[in-house]
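Here's the letter readout for the chains.
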Amino acid sequence: MNKKLVTRIFAFFLVLVMVLGLFAGLTVSAAEDGIVIKLHYNRPDGEYADWSVWFWNLGMEGVDTPFVKEGGDMVATWNVAPGVTSVGFIVRTPDWGKDVDKDQFIDVAAYTSGTVHVYVESGVEGYTVKLGDDVVSGVKARAVVYKEGKGIQVSMTGEVTEPEKAFTVNGPDGVMAIASVTEGEKCIYTLVTEQELDLYASYTLTYAGNEYQIRMPNVYSTSAFEEKYTYEGNDLGATWSAEKTAFRVWAPTASEVKLNRYTSGTEGTDDLIEQVDMTADVNGTWIAEVAGDLNGTYYTYSVTVNGVTNEACDPYARATGVNGKRAMVIDLDSTDPEGWENDTDPHAGNNITDAVIYELHVRDLSINENSGIQNKGKYLGLIETGTTNPEGVATGLDHIKGLGVTHIHLLPVYDYGSVDESRLDTPQFNWGYDPVNYNVPEGSYSTDPFNGEVRVAEMKQMVKGLHDNGISVIMDVVYNHVYSAENFCFNKIVPQYFSRVSDNGSYSSGSGCGNDTASERSMVQKYIVDSVLYWVEEYHIDGFRFDLVGLIDTETINAVVNEVHKTHPNVIFYGEGWTMSTLVTKEGYTLATQVNSTQTPEFAFFSDNIRDALKGSVFNNTEAGYISHVNGHAYTIARCFMGSPSWCKSPTQNVNYASCHDNMSLFDRLTMSNKGASQEDLIRMNNLAAAIYMTSQGIPFFQAGEEMLRSKPLPEGGFDHNSYSSPDSVNSLKWENMNDPVYQDVYNYYAGLIAFRQAHPALRMTSAEEVAQHITQIGDLDGNVLAFHITSGANGENNDLFVIFNPRPETTNVPLPEGEWTVYINGEDAGTTELGAASGSVTVDAISAMVLTKPGTPAAPEEPAVTEPVATEPADTTKPNNMGWIVAIVAAVVCAGAAVAVVISKKRKK
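Each value, and the rule that gives it
Along every chain, residues carry numbers that run from 1 in the direction the sequence is written. At least 70 in pLDDT is required for a residue's local features to be given in this predicted model, at least 80 for side-chain atom pairs to be given and counted, and no such filter applies to totals for whole chains, interfaces and linings, which use all residues. Side-chain metrics rest on all non-hydrogen atoms present in the structure, leaving aside hydrogens and water. The rule is simple: put a 1 Å grid over the protein atoms alone, call a set of points where a 1.4 Å probe fits but cannot get out a cavity, call an open set with protein on both sides within 12 Å along at least five of seven lines a pocket, and count a residue as lining if it has an atom within 4 Å of a point. Grid points are joined across faces, edges and corners, and a volume is the space filled by probe spheres set on the points. Strands are runs of DSSP state E lasting at least 2 residues, helices are runs of H or I lasting at least 4, and numbering of each runs from the N terminus. Amino acids are sorted into nonpolar (Ala, Val, Leu, Ile, Met, Phe, Trp, Tyr, Cys and Pro), charged (Asp, Glu, Lys and Arg) and polar (every other residue, Gly among them). Among the buried residues, those of types Ala, Val, Leu, Ile, Met, Phe, Trp, Tyr and Cys that are joined through side-chain atoms within 4.5 Å form a nonpolar core. Burial status follows relative accessibility: with a 1.4 Å probe on protein chains alone, a residue under 20% of its type maximum counts as buried, one over 50% as exposed, and anything between as partly exposed. By definition, residues are in contact when any of their heavy atoms lie within 4.5 Å. Any N or O atom pair separated by 3.5 Å or less is treated as a polar contact, with the protein-specific requirement of one donor-capable and one acceptor-capable atom, and with residues adjacent in sequence counted only for side-chain atom pairs. Strands are treated as partners if at least two bridges between them are detected by DSSP. Note on geometry: axes are C-alpha line fits, over the in-contact stretch for helices, and angles between N-to-C directions span 0 to 180 degrees. Any carboxyl oxygen of Asp or Glu that lies within 4 Å of a side-chain nitrogen of Lys or Arg is treated as forming a salt bridge with it. Pairing of aromatic side chains here covers Phe, Tyr and the six-membered ring of Trp, requires ring centres within 6.5 Å, and sorts the geometry by plane angle: under 30 degrees stacked, over 60 edge-to-face, intermediate tilted. Any Lys NZ or Arg CZ that is within 6 Å of a ring centre and within 35 degrees of that ring's normal is treated as a charge sitting over the ring.

Novice: Mind showing me how you'd approach empty space enclosed by the protein here?
Specialist: Empty space left among the atoms is revealed by rolling a probe the size of a water molecule over them. In the structure shown here, the tally under the stated rule is six cavities of 30 Å³ or more. The computed volume of the second largest cavity comes to approximately 90 Å³. The wall of the second largest cavity is formed by 13 residues, among which Leu236, Trp250, Pro315, Tyr316 and Phe490 lie closest to the centre. Elements that contribute at least two residues to the lining of the second largest cavity include exactly β21 (244–250), α7 (489–493) and α8 (522–539). Per element, the largest residue contribution to the lining of the second largest cavity is three residues, and it comes from β21. Of the residues in the lining of the second largest cavity, the class split is 10 nonpolar, one polar and two charged.

Novice: In this structure, what is going on with the nonpolar core? I would like to understand it.
Specialist: Looking at soluble globular proteins, one finds that nonpolar side chains tend to be buried together. Counting 176 residues, the largest nonpolar core has Phe544 and Phe546 as its most contacted members. When residues in this core are grouped by element, the largest group, 11 residues, is from α8. If sequence neighbours within four positions are ignored, phenylalanine 544 has contacts with Ile474, Met475, Val477, Val532, Trp535, Val536, Val571, Ile572, Phe573 and Tyr574. Core analysis: the next-biggest nonpolar cluster, separate from the first, contains 24 residues, Leu39, Tyr48, Phe55 and Met74 among them.

Novice: I'm lost on the side chain of threonine 395 in this one. Help?
Specialist: With respect to the helices and strands, threonine 395 occurs in the loop between α4 (362–366) and α5 (396–403). Reaching out from threonine 395, the side chain makes a polar contact with the side chain of threonine 387 at a distance of 2.8 Å. Those residues in contact with threonine 395 that sit more than four places away from it in its chain are Asn370, Ser371, Ile373, Thr387, Thr388, Asn389 and Trp735.

Novice: What am I meant to see in the pairing of strand β43 (residues 821–825) here?
Specialist: Regular strands place side chains that alternate from one sheet face to the opposite one. Among the five residues in β43, five count as buried, and that is most of the element. Here β43 runs beside strand β44 (residues 836–838); their pairing, made up of three bridges, is antiparallel. When the sheet's bridge partners are listed, tryptophan 821 is paired in β44 with alanine 838. The pairing of β43 with strand β46 (residues 848–855) spans three bridges and is classified as antiparallel. Directly across from threonine 822, in β46, lies its bridge partner threonine 853.

Novice: How should the sheet that holds strand β29 (residues 357–360) be read in this particular structure?
Specialist: Hydrogen bonds between backbone groups are what pair the strands of a sheet, and the pairing can be parallel or antiparallel. Ordered by their spatial adjacency, eight strands build a closed barrel running β29-β30-β33-β34-β35-β36-β37-β38, and the pairing between neighbours is parallel. Direction aside, the axes of adjacent strands within the sheet are offset by 30 degrees on average. Pairing analysis gives four bridges linking strand β34 (residues 543–546) to strand β35 (residues 572–575), with the strands arranged parallel. In the sheet register, phenylalanine 546 faces β35, and the bridge partner there is glycine 575.

Novice: It is not clear to me how the sheet that holds strand β12 (residues 141–147) should be interpreted in this structure. Could you clarify?
Specialist: Taken in spatial order, the four strands line up as β12-β13-β17-β16 in an open sheet, and their pairing is antiparallel. This sheet does not close on itself; its edge strands, each paired only once, are β12 and β16 (178–183). Taking the axes of each pair of neighbouring strands and ignoring which way they run, one obtains an average angle of 20 degrees across the sheet. Of the strand pairs in this sheet, β16 and strand β17 (residues 188–193) are connected by five bridges, and their pairing is antiparallel. For serine 180, the partnering residue across the bridge sits in β17 and is valine 192.

Novice: Looking at this model, I keep getting lost on the pattern of salt bridges. Mind explaining?
Specialist: Note on pairing: side chains with opposite charge can pair once their charged atoms come close. Tallied over the full model, the rule gives 32 salt bridges. Salt-bridge contacts for glutamate 226 lead to lysine 586; the nearest nitrogen and oxygen are separated by 2.7 Å. Taken together, the residues span a long stretch of sequence, with glutamate 226 in helix α3 (residues 223–229) and lysine 586 in the loop between β35 and β36 (604–606) at a distance of 360 residues. Residue glutamate 226 shares its accessibility class with lysine 586, and that shared class is buried. As a salt-bridge pair, glutamate 810 and arginine 808 come within 2.9 Å of each other at their nearest N and O atoms.

Novice: In this structure, what is going on with the packing of aromatic side chains? I would like to understand it.
Specialist: Where two aromatic rings form a pair, the distance of their centres and the angle of their planes describe that pair. The final tally for this structure, using the stated rule, is 53 aromatic pairs. Taking 6.5 Å as the distance between ring centres and 85 degrees as the angle between the ring planes, the aromatic pair formed by tryptophan 431 and tyrosine 433 counts as edge-to-face. In this pair, the class of tryptophan 431 matches that of tyrosine 433, namely buried. Judged by centre distance (5.7 Å) and plane angle (75 degrees), the rings of phenylalanine 641 and phenylalanine 805 are edge-to-face. In this pair, phenylalanine 641 sits in helix α11 (residues 634–641) while phenylalanine 805 sits in strand β41 (residues 799–806), placing the two residues 164 residues apart along the sequence. Phenylalanine 805 shares its class with phenylalanine 641; the two are buried. When the ring centre of tyrosine 534 is taken as origin, the NZ or CZ atom of arginine 318, which lies over that ring, is 5.5 Å away. A cation over an aromatic ring shows up here: arginine 326 above the ring of tyrosine 262, its NZ or CZ 3.6 Å from the ring centre.

What follows is the structure, encoded as structure tokens:
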């Protein structure tokens with residue numbers, strides 16, 4: 001096992017420790033003289049302008065901390081609250097470039113106050129510590145948790161003198177009498193109060209002048225709570241009519257709720273119209289009615305829980321003002337474009353395997369100066385037709401239509417937090433995987449983010465415009481985490497309900513984004529189901545890609561799919577089914593991962609099997625794969641061609657791809673992993689990858705720009721593998737490249753592959769049984785060469801198909817089944833136009849695919865059937881054996897850890 005694998009395994013278990021919340025910080029009130037960390041950072045180049053420190057209490061959300069010059073040093077200061085025993089830090093740039101590519105931790109368990117100086121050298125892992133003269137060592141609390149029926153368990157960093165006198169418990173009515181204090185092992189003390197604690201109230205513990213929040217049991221996930229407080233109505237949010245607007249919000253733990261009505265949607269503006277007391281109603285909801293036509297006005301809720309009042313946006317907001325801080329009352333019908341009532345999915349009635357999906361960021365398509373698109377970076381820019389670059393080559397929507405894709409998958413277009421909508425004159429970019437308001441379109445893509453109506457109307461116009469041009473629309477949705485758990489509107493109304501929280505109060509973070517969604521709770525599940533159905537019915541969305549769906553439970557995913565398919569059976573669902581660690585708050589729940597795919601039969605998953613077999617693991621940018629003639633991948637490619645990667649039982653659940661927004665673009669990755677290869681060979685590898693996933697059973701998917709050799713070079717050299725917040729100069733589609741005949745040839749090749757796939761239903765089968773009946777793999781070929789015979793009758797196909805993949809750097813000769821065959825795809829061209837004829841055998845060019853057809857016959861194929869994919873390289877590198885399965889299991893664990901590490905680097909953007 002090499003060093004990289006060891007590092008990944010270590011990272012995996014380190015993340016598990018983080019997720020479990022060990023050593024996590026407590027919620028405390030600081031004494032006057034707490035611990036202060038002074039991190040001194042030294043860079044030999046003296047360039048500090050772009051560097052800061054990301055500090056966090058382990059298991060909690062982080063804070064960016066700038067460097068300030070102190071005594072000749074560049075110093076970042078972090079005030080540590082009492083009770084915190086470990087502080088994490090990353091020295092980083094704004095785009096998450098890391099000085100040292102790992103999380104590092106400072107142990108402060110031995111100190112109660114004073115200054116801890118930490119000295120960090122650029123590029124050097126580790127640090128040195130120098131204690132200030134004011135440092136005081138002592139005992140403090142690690143965790144304070146109330147166990148129902150057992151008492152308050154206090155975990156201390158050391159022994160407590162006279163424990164029966166050392167602690168004070170404070171409740172809503174003041175100091176509570178302590179009946180007994182028992183000392184256990186490992187400095188854990190159990191306090192029993194004379195009066196039982198109210199599970200819905202807030203309590204603190206005082207020790208040595210420091211006040212610690214007592215963590216109460218997780219009542220939200222109990223059956224008693226859900227039976228009492230699950231609301232099943234469909235009127236949450238603001239229900240508008242010209243005569244009145246009815247408001248309903250779910251706030252079961254609140255003692256008081258008020259409705260705040262505003263003139264504008266801009267937070268901080270002093271334009272309160274009125275404040276209305278809301279009335280407690282059924283199942284923990286609160287209601288109010290306001291007479292008159294409120295369309296175009298804004299509102300929030302002020303919710304009081306345990307004496308603390310938070311002002312929050314409505315989780316069920318349909319529109320908001322700038323930056324999503326105030327919800328808007330809106331007449332949704334007035335935002336419908338002309339002909340909306342007749343708008344439909346242009347591919348309704350098709351199978352999911354009929355889809356060809358094109359993944360696109362709204363801004364990327366149009367922002368380049370050569371796009372010829374007027375509404376740059378906007379929803380409306382996606383539907384401009386007739387646009388060209390300065391040389392007259394089609395751009396934008398016409399470029400996409402020319403490819404022949406069926407669906408556009410849009411990176412997040414709900415309201416997200418990483419772009420300031422009030423400063424759109426300043427260039428800003430983010431992929432948007434940081435949700436703020438799930439049911440509101442992102443304002444930065446509209447022409448006026450201050451007016452909530454505009455974003456709604458323009459997104460609808462975009463959807464209709466795409467439908468009118470024969471393209472279905474898929475939304476990328478991120479229900480697995482939020483931008484900030486503490487500031488998310490749902491959690492401000494019902495504290496910590498929406499998110500998974502451990503016993504010590506830390507947020508579970510399998511997502512690597514500081515929090516995971518508690519989808520297993522009834523009102524979170526309802527919220528997700530309601531949200532998806534809302535996008536389908538109000539915006540006519542045709543599909544959903546779920547980000548990190550492996551953090552959401554299978555019951556919720558099935559509830560979403562079943563509810564939507566009751567009235568909209570055309571809507572497709574797929575997502576990232578990686579296995580990740582998270583703290584599910586109920587027993588008996590499984591998560592929607594690849595390995596659990598049989599439990600979500602109408603939900604598809606990305607196949608990292610084909611992705612990594614084609615080009616090498618995404619966790620090693622210099623590793624090559626099958627298309628570079630690397631041994632060891634042919635068996636996986638063969639299984640994926642038949643729509644049956646190791647975890648998959650049906651081609652309808654298998655998304656085949658070589659690149660997406662994550663990691664390097666396909667062409668950049670090929671450049672990195674094939675040093676010294678000519679551009680011609682790199683392009684042949686690129687096209688071979690596309691030919692494989694476009695002809696494989698399942699659902700083909702590719703990143704926008706792959707068809708024009710998309711590249712993301714960095715100014716300092718190399719390529720951007722994580723461009724979530726990189727500038728337009730990196731992320732935009734470079735339309736000037738399409739002037740080059742080389743790029744045009746690649747584009748035409750992709751369009752031809754899509755046209756051929758659409759013309760042949762045998763490439764789009766919907767069951768493993770049909771695949772097994774009609775596809776035979778050919779054996780005894782040159783090493784790494786794969787060939788498959790698909791017989792007529794498959795999915796209504798009238799022809800036999802013969803598919804060959806040759807990743808070798810030289811030509812190969814492949815025997816053909818009996819008959820006269822016509823070539824439609826070779827190394828240079830692809831499509832529905834005849835390219836030549838062959839019989840007996842055929843010569844396939846180096847690093848290329850070939851696909852031939854002949855009229856179908858009822859006769860069985862001459863070659864013997866092969867029930868398992870054939871290994872075409874040396875047997876010891878391809879045929880799975882017992883050791884291979886052991887290695888696969890170890891690799892799965894390693895990849896899970898590495899996936900967490902990659903997601904953390906990708907998505908820690910707060």
